[in-house]
Amino acid sequence: MTTQPHSAGWRFKLGIVILCLMLGSWLMVPLAAAVGVPGSKVAALTGVLFISNKVLLILVIAVMGKAGFQQLKRSVFGYVTSLAPSTDAEVGPVRHRIGLVMFCLPLISAFLEPYVDSIWPGLRPNLWQLQLLGDLMLIGSFFVLGGNFWDKVRALFIRTAKVANA
């Protein structure tokens, strides 16, 4: 079942504004924590935002209508799927090795981190920048390894998946 393309009328634009308000409201949580609001009030704010965002999402769908919301989903997911690695291109051996190092290094580092801290406290610098670098390296490894790698990882969670060597 397909829906007709929706024009960018006032209802669609109002839905986008409400959606931006919904996403932007989450900035109140770190701002509240930064100005010294007690933890219990920050937790209450988080709960209120969680519930109110669900209500606002329903309001976005009601304002935009089915066609407008379908258009929004198509444009957002169309952009995201264009970023995904291609499953058609074959990855060469050097690129595969580099991608495996990018994939395994952050995982091994995160696995060994608590043991290193307990055996030799102060050896490892506790910098958020290094942790962010590891996270970005892990995410980047999926792009370096190509789309077929993600299919291989996904097959780990499918009980009936079989290995087929080409």
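Residues numbered from 1 in each chain as written. Predicted model: local features only at pLDDT ≥ 70, side-chain atom pairs only at ≥ 80, totals over all residues. Heavy atoms only, no water.

Once that is clear, we can look at the overall build of the protein. Broken down by element type, the protein carries six helices and zero strands. Reading the protein from its N terminus to its C terminus gives the helix and strand order α-α-α-α-α-α. Classification of the 166 residues of the protein by burial places 18% in the buried group. Once local pairs closer than 6 in sequence are excluded, the contacts in the protein between residues at least 24 apart make up 76%. (Helix = DSSP H or I, 4+ residues; strand = E, 2+ residues; numbered from the N terminus. Buried < 20%, exposed > 50% of the residue type's maximum accessible area, 1.4 Å probe, protein only. Contact = heavy atoms within 4.5 Å.)

Phe12, Ile18, Leu19, Met22, Leu56, Val60, Val63, Met64, Phe69 and Leu72 together form the largest nonpolar core, which totals 10 residues. Tallying contributions element by element places helix H3 (residues 39-83) first for this core, with six residues. Beyond its immediate sequence surroundings of up to four residues, leucine 56 is in contact with Ile18 and Met22. (Core = buried A, V, L, I, M, F, W, Y, C linked by side-chain atoms within 4.5 Å.)

Turning next to helix H5 (residues 128-145). With 18 residues, H5 extends 26 Å between its outermost C-alpha atoms, agreeing within 8% with the 26 Å of an ideal straight helix rising 1.5 Å per residue. Of all the residues in H5, the buried ones are Gly134, Gly140, Ser141 and Leu145. Positive backbone phi, at 90 degrees, marks glycine 146, one or two positions downstream of H5. (Expected span 1.5 Å × (residues − 1).)

Per the counting criterion, the structure on display carries four aromatic pairs. Each ring, one from phenylalanine 142 and one from phenylalanine 149, has its centre 6.0 Å from the other, and the planes form 40 degrees; the classification is tilted. By relative accessible area, phenylalanine 149 is classed as buried at 12%. Ring pairing ties together the aromatic residues Phe103, Phe142 and Phe149, which thus form one cluster. (Phe/Tyr/Trp six-rings, centres within 6.5 Å; stacked < 30°, edge-to-face > 60°.)

Across the protein, the average pLDDT comes to 83, with 87% of residues at or above 70. For the protein, the element scoring lowest by mean pLDDT is helix H6 (residues 147-155), at 79; helix H2 (residues 28-34) scores highest, at 90. (pLDDT = per-residue confidence, 0-100.)

This paragraph deals with the UniProt feature "transmembrane region" (unreviewed entry) in the protein. Summarizing the sequence annotation, UniProt attributes the feature "transmembrane region" (unreviewed entry) to residues 12-36, 42-64 and 128-150 in the numbering used throughout. Strand forms 0% of residues 128-150 and helix 96%; the C-alpha atoms that close the span are 27 Å apart. (UniProt positions renumbered as here; feature names shortened; annotations may be inferred.)

Checked against the element boundaries, serine 25 lands in the loop between helix H1 (10-24) and H2. By relative accessible area, serine 25 is classed as buried at 12%. Among the polar contacts listed, one links the side chain of serine 25 to the backbone oxygen of methionine 22, at a separation of 2.7 Å. Not counting residues within four places of it along the chain, the set of residues in contact with serine 25 comprises Leu49 and Asn53. (Polar contact = N/O pair within 3.5 Å; in protein donor to acceptor, adjacent residues only side chain to side chain.)

Interaxial distance between helix H4 (residues 93-119) and H5 falls to 8 Å at its minimum, and their mutual angle equals 150 degrees. For the element pair H4 and H5, the recorded crossing hand is left-handed. For the pair H4 and H5, contact is made by Arg95, His96, Gly99, Leu100, Met102, Phe103, Leu105, Pro106, Leu107 and Glu113 and by Gln131, Gly134, Met137, Leu138, Gly140, Ser141, Phe142, Phe143, Val144 and Leu145, respectively. Among the residues forming the contact of H4 with H5, the class breakdown is 12 nonpolar, six polar and two charged. (Axes fitted to C-alpha atoms, helices over the stretch in contact; angles between N-to-C directions. Left-handed = near helix turned anticlockwise from the far one by under 90°. Nonpolar A, V, L, I, M, F, W, Y, C, P; charged D, E, K, R; others polar.)

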